[in-house]
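Now for the letters of each chain:
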Amino acid sequence: MDCPTRYDKYFRHIYFREEPKKECAMKTIYVKEIARKTMGRLTAGKEVSPRQVAVTVLFLCAMFVLGRAAARTLMEIRETVGQGVNQEAVPDGDSRSGDLGTARSTGTQDGDLGAAQSTGTQGADLGTAQEAAQTTLLAESGNWGLGFGKSGEKPTGNATVAEMKQYNAYYMAEGEDKVLYLTFDCGYENGNTAPILDALKKHNAPATFFVVGHFLESAPDIAKRMVEEGHTVGNHTYHHPDMSKISDQASFQQEMDTVRDKFREVTGAELSMYYRPPQGKYSTANLQMAKDMGYATFFWSLAYVDWNKDAQPSHEEAFEKLCGRVHPGAIVLLHSTSQTNGEILDELLSKWEEMGYTFRPLSDFVEGAGSTGSGTGTGSAKTQGAGTQDAGGGRILQDERNRPGDAGGTS
């Protein structure tokens, strides 16, 4: 239908000497059409006035500038609501996260839950509305992502804390206690894990390391050190595939069991029953499979884009994100491959301690939850030891957003 707008009328009159049809009220302006017809006149040898050329160039430049501005605004919005780069999460965070993290197909906007809470907000009806919201937030499959509000406030995730619990899955602790849970995704070893372990030991801070098969094969001594120093080691799958695409229990279990077998072979200890899906990609079917196998699944609530070895953040950028977004009960996702993390962790832990935070193991989430498993992971790093039995295990989904496999530098 040929329905020109006033702008289209103008351009048709100036460029093509056409009189617009009076009966039509609207038509979309197509940049390609304008450029094509103008170029057509040039190639056909028809006369084109300097005014026509000037207006064409001006119009196309304006569209280019507006397009870039719109794209920039969209990326800023996505980063704010956790839909940015994979990645810290966001990868596995801040997503390998614009921010973690990194990569979210669906997620809780503050208004979503608020709308559900306001539905029937008369006394007891509020509880019913909250329950209804909790049953609809977690998509059947997607990428883990976060939405951040004011500094120091807890973020929103793809689902509520209560909804995740039905799958024995977690991404932050409830309450306002100033505790942090440190987790590291380990895809390969490049010399940065040792200084990370040094900083953890100095601060007596327990951590959980999620490892893939490649890491255990290439860095067995580092894996042994993790156990010897009382840290927890969890399951990040053997080959780091998109687990949400695995629909049968046998294939899912094979990815998990091969890591456990290799870990036992390398360290002589049992892997903790903690699971973190690669790239933050999940499905509710996978979450149920992991639960049926005795695993706890852990997502995260704090991460940043630290996974790209060729574009490491500056120390200032890291402190800004990790201190500005820290919040009570945060499960922190970092990558052991990050040079920045190796360089700043000692100072970062000191900054968090100055803010009043202490560090706890992931076993806080699963004690008394009925999960079974073995390995290190109870108490502080000081009291943990190789072979210490744990009440269960868990892993968190990532940031960070459609990243390549761990062997390539992302988790």
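Quantities reported herein were computed from a predicted structural model and do not represent experimental measurements.

So, the overall build of the protein
Stage number 1. Along the backbone of the protein there are 14 helices and 10 strands.
Stage number 2. Counting only residues that meet the buried cut, the protein has 54% of its 411 residues in that class.
Stage number 3. About 17800 Å² of surface is accessible on the protein, with carbon and sulfur atoms providing 53% of the total.

Looking at the pattern of salt bridges
Stage number 1. Per the counting criterion, the structure on display carries 12 salt bridges.
Stage number 2. Each of the salt bridges in this network shares a partner with another, and the network as a whole consists of Arg260, Asp261, Arg264 and Glu270.

Here we look at the packing of helix H9 (residues 220-228) against helix H10 (residues 249-267)
Stage number 1. Viewed as axis vectors pointing N to C, H9 and H10 meet at an angle of 85 degrees, and their least axial separation amounts to 9 Å. It follows that H9 is roughly perpendicular to H10 by the angle criterion. Two secondary-structure elements touch here, H9 through Pro220, Ala223, Lys224 and Val227 and H10 through Phe263, Val266 and Thr267.
Stage number 2. Looking at side-chain class alone, the contact of H9 with H10 contains 5 nonpolar, 1 polar and 1 charged residues.

Comments concerning the nonpolar core
What tends to happen in soluble globular proteins is that the nonpolar side chains get buried as a cluster.
Stage number 1. Among the nonpolar cores identified, the biggest contains 44 residues, and Leu182, Phe184, Leu200, Phe209, Leu345 and Trp352 are the most heavily contacted of them.
Stage number 2. Sequence-distant contacts of Phe184, that is, excluding residues within four places in its chain, are made with Ile196, Leu200, Ala207, Thr208, Phe209, Phe210, Leu334, Ser336 and Leu345.
Stage number 3. Among the nonpolar cores identified, the runner-up in size contains 30 residues, and Leu138, Val161, Tyr282 and Trp300 belong to it.

Side note on the packing of aromatic side chains
Stage number 1. What the rule picks out here adds up to 12 aromatic pairs.
Stage number 2. With a centroid separation of 6.5 Å and an interplanar angle of 40 degrees, the aromatic rings of Phe299 and Trp300 are classed as tilted.
Stage number 3. Residue classification places Phe299 among the buried positions, given a relative accessible area of 0%.
Stage number 4. Judged by its relative accessible area of 0%, Trp300 falls in the buried class.
Stage number 5. Over the face of the ring belonging to Tyr357 we find Lys178, whose NZ or CZ atom lies 4.8 Å from the ring centre.
Stage number 6. One Lys or Arg, Arg325, reaches over the ring of Phe148 and ends 4.1 Å from the middle of that ring.

Description of H9
The periodicity of an α-helix, 3.6 residues per turn, causes residues three or four places apart in sequence to face the same way.
Stage number 1. Residues of H9 that are buried: Ile222, Ala223, Arg225, Met226 and Val227.
Stage number 2. Just past H9, the residue Gly230 takes up positive phi, approximately 85 degrees.

Some points on the packing of helix H7 (residues 193-202) against helix H13 (residues 339-354)
Stage number 1. For the pair H7 and H13, interaxial distance at closest approach is 8 Å and the crossing angle is 10 degrees. The pairing of H7 with H13 is recorded here as roughly parallel in orientation. Facing H7, whose interface residues are Pro195, Ile196, Ala199, Leu200 and Lys202, H13 presents Asn341, Gly342, Leu345, Asp346 and Leu349.
Stage number 2. Of the residues in the contact of H7 with H13, the class split is 6 nonpolar, 2 polar and 2 charged.

Concerning the pairing of strand E3 (residues 179-186)
Stage number 1. Along E3, 8 of the 8 residues are buried, which leaves the element largely enclosed by surrounding structure.
Stage number 2. Burial along E3 is two-sided: Val179, Tyr181, Thr183 and Asp185 facing one way and Leu180, Leu182, Phe184 and Cys186 facing the other are all buried.
Stage number 3. Note: E3 against strand E10 (residues 358-359), 2 bridges, orientation parallel. Along E10, the bridge assignment pairs Val179 with Thr358.
Stage number 4. Bridge count for E3 against strand E9 (residues 330-335) is 6 bridges, and the pairing is parallel. Bridging across to E9, Thr183 finds its partner in Leu333.
Stage number 5. In this structure, E3 lies alongside strand E4 (residues 207-211), joined through 5 bridges in parallel fashion. Counted as the bridge partner of Asp185 is Phe210 from E4.
Stage number 6. In this fold, the crossover linking E3 to E4 by way of H7 has right-handed handedness.

Criteria and thresholds
Residues numbered from 1 in each chain as written. Predicted model: local features only at pLDDT ≥ 70, side-chain atom pairs only at ≥ 80, totals over all residues. Heavy atoms only, no water. Helix = DSSP H or I, 4+ residues; strand = E, 2+ residues; numbered from the N terminus. Buried < 20%, exposed > 50% of the residue type's maximum accessible area, 1.4 Å probe, protein only. Areas by Shrake-Rupley, 256 points an atom, 1.4 Å probe, with all protein chains shown as cover. Salt bridge = Lys/Arg side-chain N within 4 Å of Asp/Glu carboxyl O. Axes fitted to C-alpha atoms, helices over the stretch in contact; angles between N-to-C directions. Parallel < 35°, antiparallel > 145°, perpendicular 65-115°, else oblique. Contact = heavy atoms within 4.5 Å. Nonpolar A, V, L, I, M, F, W, Y, C, P; charged D, E, K, R; others polar. Core = buried A, V, L, I, M, F, W, Y, C linked by side-chain atoms within 4.5 Å. Phe/Tyr/Trp six-rings, centres within 6.5 Å; stacked < 30°, edge-to-face > 60°. Lys NZ or Arg CZ within 6 Å of the ring centre and 35° of its normal. Pairing = 2+ DSSP bridges. Right-handed = clockwise from strand over helix to strand, strands pointing away.

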